[in-house]
Amino acid sequence: MDSDFGIPRELSPLQQLRSQYHPELPPCLQGTTVRVELGDGTTVAKAGDAHIIARAFPHTLGQPLAHFLRATAKVADAQIITEHPVKRVGIVFCGRQAPGGHNVVWGLYEALKVHNAKNTLLGFLGGSEGGYDMLGRTKDQIRTTEQVNAALKACTDLKLDSLVIIGGVTSNTDAAHLAEFFAEAKCSTKVVGVPVTINGDLKNQFVEANVGFDTTCKVNSQLISNICTDALSAEKYYYFVRLMGRKHSHVALECTLQSHPNMVILGEEVTASKLTIFDIIKQICDAVQARAEQDKNHGVILIPEGLVESIPELYALLKEIHGLLKEGVQVDNISTQLSPWSSALFEFLPPFIKKQLLLHPESDDSAQLSQIETEKLLAYLVETEMNKRLKEGTYKGKKFNAICHFFGYQARGSLPSKFDCDYAYVLGHVCYHILAAGLNGYMATVTNLKSPVNKWKCGAAPISAMMTVKRWSQNSGSTTIGRPVIHPASVDLKGKAYDLLRQNAQKFLMEDMYRNPGPVQYDGPGADAKAVSLCVEDQDYMGKIKKLQEYLDQVRMIVKPGCSQDVLKAALSVMASVTDVLTTISSSSTSGQQFA
């Protein structure tokens, strides 16, 4: 096997074994003939965003959902479309590394060759600059006029029938805009997106999970569990563990449910409760003190890397620093240009955090979260407070000792879990069928993922239907409206996964219920284990849409010209009530727009 741009690699026995693994396909994709059912046209999640998104996507908004079915499946009153010839396909990794991403390439390549051995799959080296160790990757975007024109020229010059973009929320947002740009330019290249990111934040009514999230959480959970064992053995250290995952806390929540550390600080909780850095420090210190009263002078605390952007005063300081950097202020002069309030906070912080907060922002204007050691900041402030309490006599435990870790790179380069192998491979096949159906601006989707592979449902959803618009309130009272994008999903504080955490949080804190899932399993009882947050949620949105359509079809069958007056009256009454309720719910979602 060649990799790293052609440099031979020596494979371990496990790698050799895994290279022989062949994922299975769900029944709907087996064979050379797959039926494509197009349902009703889609809408956007927030009615108030519809006119803005419609202006941005005149060609690709409102497209129908696509469902892929066995060739023998019976489909009533649905549009069945014939295959379009697909000969040349380009594929590009536009996000950060995620375990399993290569299997998207494998699945797509295999599907192309099964249908025509002469079909060609082209990979762009180095990502969109032309990611992973096979092709390389990039975190840059395909957004500016220069970039999209370059993409158009590349696709035209290479005579690509389609372009598959693999990545997270940013990459798939760019895929949607690129598909619209190509349609407007009358370019025949179709664009398809694939949800691949370790962050787990590309989640919505159409997308249940992201390739790479399962592996990342399993690898992190093993490392966390090992640390829990060490903490319990040494009985003298508190471990502060920061987890990669960008702004939102999906990875931290899932790792907590798998490994049962003593505490986790979720960014979404901090935002919802408007906790300051001092509120968080008090929570941790009170927990340390309560455990010390039970003669427990150890513990493990998880922190999402995006926590720094969830703490209001730190986020405000970051935005002010980023604004000064954009204005061209030199890093060495930033501290003298800050507002009095921000300056006071900046001077309060330890030197290592000051230096990290002054880093230039990422290309999407977010902070360089992986470089900001929030875990060390919390450990430093907690130690300061515990020493103060010890001196005052309010804390009578042992001297507080902290050890800090950051987990991210260790997990995102791991061998993929069985789930990620299977999921990515199936998504690759789905990409082919999207392209063969002649669809543009769609994302490959697989639902019912918590079930075995033979129960998975495959389809595609227009990416424009996943878009929302963020609004910013200005000091002048005016509102700035952002570009339609797929916004990363936050942890649902009303969801079942979070509820499971809250039910067990006190036990985790005080009783050391540490759980060790072990390393990623490829055989035996743990091989088919899936993310807890995936299994506890009831997510089959597309399945429910189909069920609703079946009910509506039944209503049409019953309420026909010639039906009795009683049937007609009952139908009108019920439908009026349903319409009123849905209108009210839709209006409330419109008024609850995103403001920052």
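Residues numbered from 1 in each chain as written. Predicted model: local features only at pLDDT ≥ 70, side-chain atom pairs only at ≥ 80, totals over all residues. Heavy atoms only, no water.

## Some points on a nonpolar patch on the surface
Next, step 1: A cluster of nonpolar residues, Leu-548, Tyr-551, Leu-552, Val-574, Met-575, Val-578, Val-581, Leu-582 and Ile-585, forms a patch on the protein surface that exposes about 800 Å² of accessible area.
Next, step 2: For the nonpolar patch, the secondary structure elements donating two or more residues are helix H19 (541-558) and helix H20 (565-591).
Next, step 3: Counting residues per element, the nonpolar patch draws most heavily on H20, at 6 residues.
Next, step 4: By secondary structure assignment, the location of Val-574 is in helix H20. (Patch = residues over 30% accessible without salt bridge, like charges linked within 9 Å, V, L, I, M, F, W, Y side chains within 5 Å. Areas by Shrake-Rupley, 256 points an atom, 1.4 Å probe, with all protein chains shown as cover. Salt bridge = Lys/Arg side-chain N within 4 Å of Asp/Glu carboxyl O. Helix = DSSP H or I, 4+ residues; strand = E, 2+ residues; numbered from the N terminus.)

## Digging into the sheet that holds strand S11 (residues 263-264)
Within a sheet, adjacent strands bond to each other through the backbone by hydrogen bonds, running parallel or antiparallel.
Next, step 1: If you walk across this open sheet you meet the 4 strands as S11-S12-S10-S13, and the pairing is parallel. Bordering the open sheet on either side are S11 and strand S13 (402-407), each of which pairs with just one other strand.
Next, step 2: Relative to S13, strand S10 (residues 238-243) runs parallel, the two sharing 6 bridges. Counted as the bridge partner of Tyr-239 is Ile-403 from S13.
Next, step 3: Contacting S10, S11 and strand S12 (299-304), helix H7 (residues 250-259) crosses the sheet at an angle of about 155° to S12. (Pairing = 2+ DSSP bridges. Contact = heavy atoms within 4.5 Å. Axes fitted to C-alpha atoms, helices over the stretch in contact; angles between N-to-C directions.)

## Describing the side chain of Gln-258
Next, step 1: With respect to the element layout, Gln-258 can be found in helix H7.
Next, step 2: Residue class for Gln-258 comes out buried when judged on its relative accessible area of 6%.
Next, step 3: Engagement of the side chain of Gln-258 in a polar contact is seen with the side chain of Glu-254, the distance being 2.7 Å.
Next, step 4: Sequence-distant contacts of Gln-258, that is, excluding residues within four places in its chain, are made with Cys-217, Lys-218, Ser-221, Arg-515, Pro-517, Ala-531 and Val-532. (Buried < 20%, exposed > 50% of the residue type's maximum accessible area, 1.4 Å probe, protein only. Polar contact = N/O pair within 3.5 Å; in protein donor to acceptor, adjacent residues only side chain to side chain.)

## Digging into the domain arrangement of the protein
Next, step 1: The domain architecture assigned to the protein consists of domain 1 (13-209 + 416-486), domain 2 (213-311 + 369-413 + 492-530) and domain 3 (543-581).
Next, step 2: Taken together, the contact between domain 1 and domain 3 spans 6 residues of the former and 4 residues of the latter.
Next, step 3: Of all residues in domain 1, the largest losses of buried area upon contact with domain 3 belong to Glu-37, Asp-40 and His-67, amounting jointly to 55% of the total for that side.
Next, step 4: Across the domain 1-domain 3 interface, the total number found is 0 salt bridges.
Next, step 5: Along the contact surface separating domain 1 from domain 3 lie 1 residue pair in polar contact (both at pLDDT 80 or more).
Next, step 6: Each residue belonging to the side of domain 1 that touches domain 3 can be placed in one class, and the counts come to 2 nonpolar, 1 polar and 3 charged. (Domains from an automatic or database assignment. Buried area = accessible area lost by both parts, 1.4 Å probe. Nonpolar A, V, L, I, M, F, W, Y, C, P; charged D, E, K, R; others polar.)

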